[in-house]
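Read off the chains here:
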Amino acid sequence: MGQRVPFREGLFSEGADDVCLTGNRCRKCGQIYFPARSLCFACLAEDLEPIGFGREGTLYSYTVSYMPSLRFEAPFYAGWVNAREGVRVFAPLVIEEEAQLIIGMKMELLVAELWREGEKSVVGYKYRPL
Amino acid sequence: MGMTEALRDVAVIGGGMTVFGKFPERTHESLGREAMLAAMKDAGIKPKDVGFASCGTVYGGWCVGQRMLKEVGISDMEFLNVENACASGASAFREAWLRVAAGQCDIAIAGGVESMTTSPVAGKLIPPPPDDVDGQLGLTVPMFFALMMRRHMHEYGTTPEQFARVSVKNHDNGCLNPYSQYQRRLTVEDILASRMVCDPLSLLQCCPNSDGAAAVVLCANEVARRFTSTPMVVAASILGSGDYLHKWEDATFSNMSHKAAMAAYEMAGIGPKDIDVVELHDAFTVAEIMHYEDLGLCSKGEGGRFIDSRGPWLDGTLPVNPSGGLLSKGHPLAATGVAQVVEVWRQLRGGAGKIQVSGAKTALTHVMGGYVSGLESGAISVHIFKI
């Protein structure tokens, strides 16, 4: 197995036994961002503190794409998951069959391979039913 | 005094468009020439009458307005070319309206042109911007609408059949409109049995990529009757953009569309109950259902029941997309917003043929789009017209 690299830096953290989406919060006005921003769009402050959005979320909506997209072969599952702090996240879903999915169900975050680039395994966040 | 009080009334006095469809052998110049000439002849104007021209295109390249209008005798004056994704044509129309309203000239021409079959995205999906995190994770435009559709079903009990009925209606209307790309009646069963694109959104619930052009002639209302006995007054012109996604909690309701519509009603001094005919942005069936609600044509969550009531059908209480809409008439991106104005111009002057809405005196056009990472959508435009 080759090198394991995130598809983009700064979107999630992986601890020894926990994974978490990461963003930031404006220290001046409290506005929350995912992905993290270097500038608060509400007050233009540049002083933002990192925050995590936890592992759990709630399924807001889902779909199965029967068309391939840039990196994914069809069919693939994806959805919108509401994480902590009112953040809605688009992510691939890991499930056995569509019947498993019910809007409003609890979901948990995992970090897994999205695609391979040569020897490299490119990883990102996904959700699966809890 | 607010800006709108300082402006002159402006009327549409002519319109023209090409048939929409797939014409890989035709250039932007060829499509644009046909629409521009049709609009000028309809208005009864000569090239020297035109004081300003604006033209929308997304994939048409530079100076598209000059390239089209030089073919019909218009040159050596102020041209402005506009890109605002699917709202490019409506943005060009608004700019021409503003120039005439402000008194810069008495007559302006606005157009939109697109050749999707010769564009870099021919036969493909319009890709998300390369910096878009969701796009990297697989999000496509049809997926975005499928997610909204599934949530609408969950929140309001909207059924697959209700969404399919939007496509049935618009294809029925398209069969009666000679400018429509598709001339084919479909049943709910046909639509639900068509290839699944992003569940629950099937292929016949998605608009095609098309080629075409449309143009309209605008004129200061005080002199409009020199050219036509039926000037169509621009009662409201609104252009907006989407807010940050973190402010968009309810994905079954388009905030940007609602906001633009409310501003348009306020500017026109009328409400949704006073509108006789609507052309709206039905890029997907779910979009039309959502826009019934955000434009105030029915209550929130009632979109499915509104289509079942036959209200938006050609013979209903408020016909929506009598032209066939994007679903049947087709969607040459920047031409769409101008073509909607051409369609309602024909409606309000009583020249819409088999799709005529009897006695229509007021119309609303609505167009939006443009995938911008982190925003609800790129651009939105709503216009209201009176005769």
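Note that this is a predicted model, so its numbers are computed, not measured.

Scoring rules and cut-offs
- Residues numbered from 1 in each chain as written.
- Chains lettered and ligands numbered in written order.
- Predicted model: local features only at pLDDT ≥ 70, side-chain atom pairs only at ≥ 80, totals over all residues.
- Axes fitted to C-alpha atoms, helices over the stretch in contact; angles between N-to-C directions.
- Helix = DSSP H or I, 4+ residues; strand = E, 2+ residues; numbered from the N terminus.
- Parallel < 35°, antiparallel > 145°, perpendicular 65-115°, else oblique.
- Contact = placed C-beta atoms within 7 Å.
- Nonpolar A, V, L, I, M, F, W, Y, C, P; charged D, E, K, R; others polar.
- Buried ≥ 20, exposed ≤ 12 C-beta atoms within 10 Å, placed from the backbone.
- Pairing = 2+ DSSP bridges.

## Some thoughts on the packing of helix α3 (residues 88-101) of chain B against helix α13 (residues 333-348) of chain B
All names here are of chain B.
Argument step 1. Where α3 meets α13, the closest approach of the two axes is 5 Å, and the angle between their N-to-C directions is 55 degrees. Here α13 runs oblique to α3, going by the angle between their axes. Across from Ser88, Gly89, Ala90, Ala92 and Phe93 in α3, the residues of α13 making contact are Leu333, Ala334, Ala335, Thr336, Gly337, Val338 and Val341.
Argument step 2. Of the residues assigned to the contact of α3 with α13, the class counts are eight nonpolar, four polar and no charged.

## Side note on unusual backbone geometry
As a rule of thumb, non-glycine residues mostly have phi less than zero, and peptide bonds are mostly trans rather than cis.
Argument step 1. Here Phe34(A) and Pro35(A) are connected by a cis peptide whose omega angle stands at -5 degrees.
Argument step 2. In this fold, Pro35(A) is placed in the loop between β4 (32-33) and β5 (48-52).
Argument step 3. Following Asp199(B), the chain continues to Pro200(B) via a peptide bond in cis, the omega torsion being 10 degrees.
Argument step 4. Tracing the sequence through the fold places Pro200(B) in the loop between β5 (196-199) and β6 (201-202).

## Topic: the environment of Asp308(B)
Argument step 1. Along the chain, Asp308(B) falls in helix α11 (residues 303-308).
Argument step 2. Along the primary structure Asp308(B) and Gln162(B) are separated by 146 residues, whereas in three dimensions their C-alpha atoms are 6.8 Å apart.

## Re the pairing of strand β8 (residues 88-92) of chain A
Residues and elements named next belong to chain A.
Argument step 1. Counting buried positions along β8 yields four of five residues, so the element is predominantly enclosed.
Argument step 2. Pairing analysis gives five bridges linking strand β7 (residues 76-82) to β8, with the strands arranged antiparallel. Bridging across to β8, Asn82 finds its partner in Arg88.
Argument step 3. Count of turn residues in the β7/β8 antiparallel hairpin: five residues, of which Glu85 carries a positive phi of about 65 degrees.

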